[in-house]
Number of protein chains: 2
Amino acid sequence: MSTPTGRRERKKAATRQKIADTALRLFLERGYDAVGIREVAAEADVAVTTLFSHFASKEALVFEQDEDFEQRLTRAVTGRAPQGPLIPALRREIHALVRHCTADGAAPIWHMIDASPALREYEESMRLRHAESLAAAIAADPGLSRSPTACRAIARFAIDAYALAREAADPQAAVDEIFRMIEAAWEATRPSGTRGAAGA
Amino acid sequence: MSTPTGRRERKKAATRQKIADTALRLFLERGYDAVGIREVAAEADVAVTTLFSHFASKEALVFEQDEDFEQRLTRAVTGRAPQGPLIPALRREIHALVRHCTADGAAPIWHMIDASPALREYEESMRLRHAESLAAAIAADPGLSRSPTACRAIARFAIDAYALAREAADPQAAVDEIFRMIEAAWEATRPSGTRGAAGA
DNA sequence: ACCGTAACACTAACGGTTAGCGTTTTGAAA
DNA sequence: TTTCAAAACGCTAACCGTTAGTGTTACGGT
């Protein structure tokens, strides 16, 4: 199940990768809006319909690598030390994600994203999906008995922290500042009679 | 300046209203995705280009009435009792907005919005703009000296409360629950040496 | 009465996306 | 090995939202 697979899937992955690489190169060279789908397909030497069988939309070409974003968030919750505190674990992960996307190498890509309304909109709705997954992971943790609404709210707040920190002058400081707020918000959802212990 | 003007502006407003009414009627009758722009224009007896001179996009046809959303939020901040507490004022306004859009009459429209990914995405990016306006209003209040990051975060949290409450089983209770979290988050941003007084 | 302008219309196109249909490749069953 | 069904890929042709270009008309101010 892990790697019994052969030529077909390798070819498919290669085609997918070639499309993504070509697209990103063209977008960075000449601007996202200035490059059409037909052009990307031609340059990658595939048909337009093939391109769309690998990527659901033009925007998805740009956010190809960010599919692990969701997994990293949920694993920060499910894979933390047993009974460990939730918020610091989330804070560390958001820290890492912000650092990752404000690194020097990624700068041109994020500049391109910020320059295109279509890409910004797409990213935002991606983040919303991620927030829902995160909320589900939090709600599923037996150590944290909070209402579904509280879980969804905290998940959204964490995503907000990520989005706001990326735009802040000092992203790392912004994460810390917003997470002090989130910590307080989370404490406020603690079922009564549970205060004082180490925050689970 | 208020209403000295005559026929032209009345005609323009009438055309705009006719387009919006026709569009909403067709969308509700047959579904948002099943009705094309050309069809709306034909039914409203205007040219497609005319339609787009009144509305920036197809989605904007649906959210025509919601332009005061932004104003209501910022006024909840700027127009509250002098030195009055921020969070309860916000909470009251969000309560009212949630009540307004979960009212019986509005149900079909929101059902249609929830059924269309394009509309959901559009609404979300609308809300983001609203959050930025709200953050600006909060940051501009001289009685609340908080960092820009804290203001943006609280504004986002408030918008999150609205979005989550709309989907919750008991919207009003969800607003209250999330605002208890927001209140705690806001308290955590208080500059040190200011605790204990009535929350401004 | 006259002019500038704003509303409106028409045509034609562009770019993203998809349906329909045919071809080739490939993994596995027979 | 042969055979078969699925999957990947391709092509054509279109649909849909949106816009540029180019007028034409109706109106308000002078």
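Each residue is numbered by its place in its chain's sequence as written, counting from 1. Numbering of ligands from 1 and lettering of chains from A proceed in the order in which they are written. Reporting in this predicted model follows two pLDDT cut-offs: at least 70 for local features of residues, and 80 or more for side-chain atom pairs to be given and counted; totals over whole chains, interfaces and linings ignore these cut-offs and use all residues. Side-chain metrics rest on all non-hydrogen atoms present in the structure, leaving aside hydrogens and water.

**Describing unusual backbone geometry**
Negative phi is the rule for most residues except glycine; trans is the rule for most peptide bonds.
Thought 1: The backbone phi angle of Asp45 of chain A is positive, close to 60°, even though this residue is not glycine.
Thought 2: Segments assigned H or I by DSSP are reported as helices when at least four residues long, segments assigned E as strands when at least two residues long, and all are numbered from the N terminus. Following the sequence through the fold, Asp45 of chain A ends up in the loop between helix H2 (37-44) and helix H3 (48-54).

**Observations concerning the protein's contact with DNA strand D**
Thought 1: Proximity is defined per residue: any heavy atom of the residue falling within 4 Å of a molecule or strand makes that residue near it. Inspection of the region around DNA strand D gives 23 residues, with Lys12, Thr50 and His54 of chain A together with Lys11 and Lys58 of chain B positioned closest.
Thought 2: Put simply, 60% of the atoms of DNA strand D that lie within 4 Å of the protein are in sugar or phosphate.
Thought 3: Each polar contact in these results corresponds to two N or O atoms within 3.5 Å; when the atoms are within protein, one needs to be able to donate a hydrogen and the other to accept it, and residues that are neighboring in sequence are counted only if both atoms are side-chain atoms. For DNA strand D, a phosphate oxygen lies 2.7 Å from a polar atom in the side chain of Lys12 of chain A.
Thought 4: Between DNA strand D and Arg38 of chain B, the relevant distance is 3.0 Å, taken from a base nitrogen to a side-chain nitrogen or oxygen of the residue.
Thought 5: At the level of elements, helix H1 (7-30) and H3 of chain A together with helix H1 (7-30), helix H2 (37-44) and helix H3 (48-54) of chain B are the ones that each hand at least two residues to the surface near DNA strand D.
Thought 6: Here the surface near DNA strand D is built from residues that sort into 6 nonpolar, 8 polar and 9 charged. In this count, Pro and Cys sit with the nonpolar residues alongside Ala, Val, Leu, Ile, Met, Phe, Trp and Tyr, while Asp, Glu, Lys and Arg are called charged and the others, Gly among them, polar.

**Topic: the interface of chain A and chain B**
Thought 1: Across the boundary between the two partners, chain A contributes 26 residues, which contact 26 residues of chain B.
Thought 2: With both chains or domains summed, chain A and chain B bury close to 2300 Å², and 69% of this area falls on carbon and sulfur atoms.
Thought 3: Here, a salt bridge means any side-chain nitrogen of Lys or Arg that lies within 4 Å of a carboxyl oxygen of Asp or Glu. Applying the counting criterion to the chain A and chain B interface returns 4 salt bridges.
Thought 4: For the pair chain A and chain B, the number of links is 2 residue pairs in polar contact (both at pLDDT 80 or more).
Thought 5: The set of elements that each furnish at least two residues to the side of chain A that touches chain B consists of helix H8 (117-140), helix H9 (148-167) and helix H10 (171-187) of chain A.
Thought 6: The element contributing the most residues to the side of chain A that touches chain B is H9 of chain A, with 10 residues.
Thought 7: Looking at side-chain class alone, the side of chain A that touches chain B contains 15 nonpolar, 4 polar and 7 charged residues. A contact between two residues is defined here by any heavy atoms of the two lying within 4.5 Å. Summed over both partners, the accessible area lost on bringing two parts together, with a 1.4 Å probe, is the buried area.

**Concerning the domain arrangement of chain A**
Residue and element names in this part refer to chain A.
Thought 1: Domain start and stop positions are those given by an automatic or database domain assignment. Taken domain by domain, chain A holds domain 1 (7-55) and domain 2 (65-187).
Thought 2: Between domain 1 and domain 2, the C-alpha centre-to-centre distance is 29 Å.
Thought 3: Approximately 520 Å² of surface area, both sides summed, lies buried where domain 1 meets domain 2, with 77% of it carried by carbon and sulfur atoms.
Thought 4: Counting the surface domain 1 buries against domain 2, the share from its top three residues, Leu24, Leu28 and Tyr32, is 74%.
Thought 5: Seen at the junction of domain 1 and domain 2, the total is 0 salt bridges.
Thought 6: Across the domain 1-domain 2 interface, the total number found is 0 residue pairs in polar contact (both at pLDDT 80 or more).

**Considering the pattern of salt bridges**
All names here are of chain A.
Thought 1: Counting across every chain of the model gives 32 salt bridges over all chains.
Thought 2: Between Arg25 and Glu43 there is a salt bridge, and its shortest N-O distance comes to 3.2 Å. Pair noted here: Arg25 is in helix H1 and Glu43 is in helix H2, with a separation of 18 residues, a long-range link.
Thought 3: Between Arg120 and Asp114 there is a salt bridge whose closest N-O contact spans 3.1 Å.
Thought 4: Remark: exposure states derive from per-residue accessible area (1.4 Å probe, protein chains only) relative to the maximum for the residue type, with buried under 20%, exposed over 50%, and partly exposed in between. Asp114 gets classed as partly exposed once you look at its relative accessible area, which sits at 39%.

**What to know about the layout of surface pockets**
Thought 1: In this structure, the largest pocket occupies an estimated 450 Å³ of space.
Thought 2: Using a grid of 1 Å spacing that covers the protein atoms alone, one calls a set of points a cavity when a 1.4 Å probe fits there but cannot get out, and a pocket when the set is open and has protein on both sides within 12 Å along at least five of seven lines; lining residues are those with an atom within 4 Å of a point. Lining of the largest pocket is provided by 17 residues; of these, Arg120, Glu124 and Glu167 of chain A together with Leu128 and Arg156 of chain B occupy positions nearest its centre.
Thought 3: Elements with a contribution of two residues or more to the lining of the largest pocket: H8 and H9 of chain A together with helix H8 (117-140) of chain B.
Thought 4: Looking at the lining of the largest pocket, the element that brings in the most residues is H8 of chain A, giving 6 residues.
Thought 5: Among the residues forming the lining of the largest pocket, the class breakdown is 5 nonpolar, 1 polar and 11 charged.
Thought 6: Taken as a whole, the second largest pocket encloses approximately 390 Å³ of empty space.
Thought 7: Together, 16 residues line the second largest pocket, and Leu128 of chain A together with Arg120, Glu121, Glu124 and Glu167 of chain B are the ones closest to its centre. Grid points are joined across faces, edges and corners, and a volume is the space filled by probe spheres set on the points.

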